[in-house]
Amino acid sequence: MTHIKKVALIETPLHKHAVMDPIHKAQSIGLGYVGSYLKQRGTDVMLIDATAEGYDRKKLFGWGNKTFEKLRNDFCNDFGVLNDDELIDKYRLLEKNNSVRVGLSDIEVVKKIEDYKPDVVGINVIASVLHPSYISLVASIKERFPDTLVIAGGDHPTNLPEECLKAGTDFVISGEGEKIFHNIVQNPRPEDIKRMRGISYLEGGILVTNHRNTDGKGRIIDNLDVSEISVIDPSLYTANYPEEPTHGGTSNGRKYIDMDFSRGCGGSCSFCNSWRTIGGFRQYDMKKNRKQLELLAENGYEEILIQDDNFTVSPSHKKVIDLLYNMGFSWQNNGGLELETLTPEEIEYSAKRGCHTLFIPLNTGRKLGDTQLRKQLKNKAHEIFSTAKDNGIHVFSGGILGIPSKDVRKTREDSEKLIEFAGDLVSGGYVDYWVNYILDALPGCGISKRIETRGREEGIHVYGGKQNWAGYSHHFPQVYTDFMPYRELMKLYLKSHREINGMENSRKWFGGGAWVS
Ligand code: B12
Ligand code: SF4
């Protein structure tokens, strides 16, 4: 084969803990960029969003004839009645394989491939929690089309390439996929692909990785140049997406889309791996942003869910806000604005320019162990959230429980402080919604490294090991310590939800709405 003409891009079906994990679906920004980059350079692209196209199909594993809706509703009802031990046993909460799959069946995806006849299949695995549905999908594709190249990209394959390759994937692409996939389209011979930077493959069963360029601290430096970042072609999103966002505030019936205006991150928070996957922070050119929004408006989009990891890092984010406002978009920021660095002026500025909902989480709960810092942060939270309320903005916030403290014995105490902190904000009516996340050992993040190198000595462990896929969701406990056994950690997590549920003016967790959907 000299030149690839047709590419099928697939978003992996969801695979999550049956009881604990929310079910979200949005347009894939990553596949949007990869697909548009190829399309704009002459390749035919079909995007199969296997989750969105089969969003109503929720298959439970190990629950007999019970439906997903019934299981979640029963759990919500029992949550207010049963004690923690009873809940854990009745709903098998400690079982990592207690899962639900959402999306098209493998057979349906294979049929779509058969009809389209692509030369190569590219699959996005946005999160490690999806691994079980990913490996099943690859096996089905390879069984039917053993000679078609299957390439994986996204956060999960980037950080755990070997696990994806062992499932039958031909090549894994690390980090940004636009240029490298285009390079593959131009040079599809396996021997050429094997020489490309950012590629992983198996040679005689052994992992070979052609690394990307990094600085002395392991940070990625061979990022895609901002001028090369394409405009997403909305015609790639042919699936029916949920009418209202499942992962943010309401769009009030306005047609919405997830979008970003910058890429990457200069930080390296211990619980996160995004900076490793996508590289350093880059703000998109304003001309590109305008063109992108014009194209979205032409396609009927009226509401933008901003997904940038670091929206406020560059002062020019105000120009993006002006642009959204002047073009008539309403917007919300779901990517997360860091409470610690936000100013009331920024909130007021956003409120006057079309913003109605903001996600403003705490960067880490650990800081709350320090009394002085806790007081400062509380004052800051009151100031920021009050400003948002006064300006009619809905705020949802959250923090991560279970991050091992420097002195591991204090982990529980620090988590309790976070629960208390959240309680103050919810009961005081400062936030509309609080999400309690629980730490996972994301592949490649600082916490994983700490566990690998000093875990045994410090008494920090991963429940079920690296293969505990459900644990990579931020909503199912995974990292426990000798001072808080796994069952106790699960109880602490349940307690954190109970406390919020007990407050009159909070939206209930495990209690309907987006959680059950
Ligand atoms: C937006 C977002 C979401 C949105 C939208 C996701 C969607 N479109 O379906 C929502 C809120 C729905 C979401 C949900 C989840 N998310 Co999320 N999400 C993000 C976020 C903030 C940005 C992703 C993004 O769009 N980036 C911008 C694009 C340009 O980057 P990209 O996706 O990485 O794509 C590039 C490359 O990876 C590559 N690439 C991607 N796919 C492919 C495919 C091929 C073939 C190739 C060649 C290349 C390639 O090229 C792309 C362009 O350069 C990231 C953090 C981050 N910065 O990455 C977390 C992140 C991806 N999410 C994460 C998690 C855990 C989840 C959830 C499991 C949470 C949950 N329990 O519900 C779910 C799972 C997904 C799902 N569908 O339910 C983790 C994943 C970590 C991991 N390895 O497990 C991340 C990394 C955050 C973190 N650090 O904790 N998420
Ligand atoms: S949590 Fe946010 S700021 Fe921290 S490393 Fe991840 S993307 Fe960067």
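Residues numbered from 1 in each chain as written. Chains lettered and ligands numbered in written order. Predicted model: local features only at pLDDT ≥ 70, side-chain atom pairs only at ≥ 80, totals over all residues. Heavy atoms only, no water.

1. Observations regarding helix 16 (residues 446-458)
For the α-helix, the turn length of 3.6 residues means that residues three or four positions removed from each other point alike.
Part 1 of the argument: Given a rise of 1.5 Å per residue, 13 residues ought to cover 18 Å, yet the end C-alpha atoms of helix 16 are separated by just 15 Å, more than 12% below that figure.
Part 2 of the argument: When the local axis directions of helix 16 are compared, the greatest deviation, roughly 55°, occurs at Glu452.
Part 3 of the argument: Close packing links the buried residues of helix 16 with strand 19 (460-462) and strand 20 (479-481).
Part 4 of the argument: Phi turns positive, to about 85°, at Gly459, one or two residues after helix 16. (Helix = DSSP H or I, 4+ residues; strand = E, 2+ residues; numbered from the N terminus. Expected span 1.5 Å × (residues − 1). Bend = angle between axes of the 7 residues up to and from the residue. Contact = heavy atoms within 4.5 Å.)

2. Here we look at the packing of helix 15 (residues 411-427) against helix 17 (residues 486-501)
Part 1 of the argument: Close contact between helix 15 and helix 17 brings their axes to 9 Å; oriented N to C, the two are set at 10°. With respect to helix 17, the axis of helix 15 lies roughly parallel. Within the contact between the two elements, helix 15 uses Arg412, Ser415, Glu416, Ile419, Ala422 and Val426 and helix 17 uses Glu488, Leu492, Lys495, Ser496, Glu499 and Ile500.
Part 2 of the argument: Taken together, the residues of the contact of helix 15 with helix 17 sort by class into 5 nonpolar, 2 polar and 5 charged. (Axes fitted to C-alpha atoms, helices over the stretch in contact; angles between N-to-C directions. Parallel < 35°, antiparallel > 145°, perpendicular 65-115°, else oblique. Nonpolar A, V, L, I, M, F, W, Y, C, P; charged D, E, K, R; others polar.)

3. Some thoughts on the sheet that holds strand 2 (residues 14-17)
Part 1 of the argument: Reading across the sheet, the 3 strands line up as 2-5-4 and stay open at both edges, with antiparallel pairing between neighbours. This sheet does not close on itself; its edge strands, each paired only once, are strand 2 and strand 4 (58-60). Between one strand axis and the next, the sheet turns through 25° on average, direction left out of account.
Part 2 of the argument: Bridge count between strand 2 and strand 5 (residues 99-102): 4 bridges; the pairing is antiparallel. Residue pairing for strand 5: Lys16 is matched across the bridge by Val100. (Pairing = 2+ DSSP bridges.)

4. Observations regarding the nonpolar core
Part 1 of the argument: Of all hydrophobic cores here, the largest spans 130 residues; its most connected members are Ile10, Ile141 and Ile304.
Part 2 of the argument: Those residues in contact with Ile304 that sit more than four places away from it in its chain are Ile257, Met259, Phe261, Leu293, Leu296, Leu324, Phe329, Ser330, Trp331 and Gln332.
Part 3 of the argument: Counting residues in hydrophobic clusters, the runner-up holds 21 residues, among them Phe359, Ala441, Ile460 and Tyr472. (Core = buried A, V, L, I, M, F, W, Y, C linked by side-chain atoms within 4.5 Å. Buried < 20%, exposed > 50% of the residue type's maximum accessible area, 1.4 Å probe, protein only.)

5. Some points on the layout of surface pockets
Part 1 of the argument: Taken as a whole, the second largest pocket spans an internal volume of roughly 790 Å³.
Part 2 of the argument: Lining the second largest pocket are 33 residues, with Asn159, Leu160, Arg276, Pro443 and Gly444 positioned closest to its centre.
Part 3 of the argument: If one sorts the elements of the lining of the second largest pocket by residue count, helix 16 sits on top with 6 residues.
Part 4 of the argument: For the lining of the second largest pocket, the residue count by class is 10 nonpolar, 15 polar and 8 charged. (1 Å grid on protein atoms, 1.4 Å probe; cavity = no way out; pocket = protein on both sides within 12 Å on 5 of 7 lines; lining within 4 Å. Points joined across faces, edges and corners; volume = space filled by probe spheres on them.)

6. A few points about empty space enclosed by the protein
Part 1 of the argument: In the structure shown here, the tally under the stated rule is 2 cavities of 30 Å³ or more.
Part 2 of the argument: Each pocket or cavity is described by its volume, and for the largest cavity that value is around 70 Å³.
Part 3 of the argument: In this structure, the largest cavity is lined by Phe311, Thr312, His317, Ile321, Trp331, Asn333, Leu337, Leu342, Glu346, Ile347, Ser350 and Leu358.
Part 4 of the argument: Mapped onto the lining of the largest cavity, the elements with two or more residues apiece are helix 12 (317-326), strand 15 (330-333) and helix 13 (344-351).
Part 5 of the argument: Ranked by residue count, the leading element in the lining of the largest cavity is helix 13, at 3 residues.
Part 6 of the argument: By residue class, the composition of the lining of the largest cavity is 7 nonpolar, 4 polar and 1 charged.

7. Remarks on the packing of aromatic side chains
Part 1 of the argument: Evaluation of the coordinates by the stated rule reveals 13 aromatic pairs.
Part 2 of the argument: Each ring, one from Trp469 and one from Tyr472, has its centre 5.8 Å from the other, and the planes form 40°; the classification is tilted. Like Tyr472, Trp469 is buried.
Part 3 of the argument: Of the aromatic side chains, those joined through ring pairs into one cluster are Trp63, Phe75, Phe79 and Tyr91.
Part 4 of the argument: Lying over the aromatic face of Trp63, Arg92 brings its terminal NZ or CZ to 4.5 Å of the ring centre.
Part 5 of the argument: Here the guanidinium or amino end of Arg263 rests over the ring plane of Tyr33, the centre of that ring lying 4.6 Å away. (Phe/Tyr/Trp six-rings, centres within 6.5 Å; stacked < 30°, edge-to-face > 60°. Lys NZ or Arg CZ within 6 Å of the ring centre and 35° of its normal.)

8. Some points on unusual backbone geometry
Part 1 of the argument: A positive phi angle, close to 50°, is found at Arg92, a residue other than glycine.
Part 2 of the argument: Relative to the elements of secondary structure, Arg92 occurs in the loop between helix 3 (84-90) and strand 5.

9. Focus on a negative patch on the surface
Part 1 of the argument: A contiguous patch of negative charge, built from Glu345, Glu348, Glu383 and Asp390, is present on the exposed surface.
Part 2 of the argument: Mapped onto the secondary structure, Glu345 falls in helix 13. (Patch = residues over 30% accessible without salt bridge, like charges linked within 9 Å, V, L, I, M, F, W, Y side chains within 5 Å. Areas by Shrake-Rupley, 256 points an atom, 1.4 Å probe, with all protein chains shown as cover. Salt bridge = Lys/Arg side-chain N within 4 Å of Asp/Glu carboxyl O. Lys, Arg positive; Asp, Glu negative; His and termini not counted. Charge placed at Lys NZ, Arg CZ, Asp CG, Glu CD.)

10. Describing the side chain of Asn98
Part 1 of the argument: Of note, Asn98 is situated in the loop between helix 3 and strand 5.
Part 2 of the argument: Using a relative accessible area of 0% as the deciding quantity, one classes Asn98 as buried.
Part 3 of the argument: At a separation of 2.9 Å, a polar atom in the side chain of Asn98 contacts the main-chain carbonyl oxygen of Tyr91.
Part 4 of the argument: Dropping the residues within four chain positions of it, Asn98 is found in contact with Lys16, His17, Ala18, Val19, Phe61, Trp63, Tyr91 and Arg92. (Polar contact = N/O pair within 3.5 Å; in protein donor to acceptor, adjacent residues only side chain to side chain.)

11. Observations regarding the domain arrangement of the protein
Part 1 of the argument: For the protein, the domain assignment lists domain 1 (6-60 + 101-209), domain 2 (63-96) and domain 3 (226-435).
Part 2 of the argument: At the junction of the two partners, domain 1 supplies 9 residues and domain 2 supplies 12 residues.
Part 3 of the argument: The tally of links between domain 1 and domain 2 comes to 0 salt bridges.
Part 4 of the argument: Taken together, domain 1 and domain 2 are joined by 5 residue pairs in polar contact (both at pLDDT 80 or more). (Domains from an automatic or database assignment.)

12. Structural notes on the confidence of the model for the protein
Part 1 of the argument: For the protein, per-residue confidence averages 93 on the pLDDT scale, and 98% of positions sit at 70 or higher.
Part 2 of the argument: Segment residues 512-517: pLDDT under 50, and 17 contacts once partners within four positions in sequence are set aside and those in other chains are kept. (pLDDT = per-residue confidence, 0-100.)

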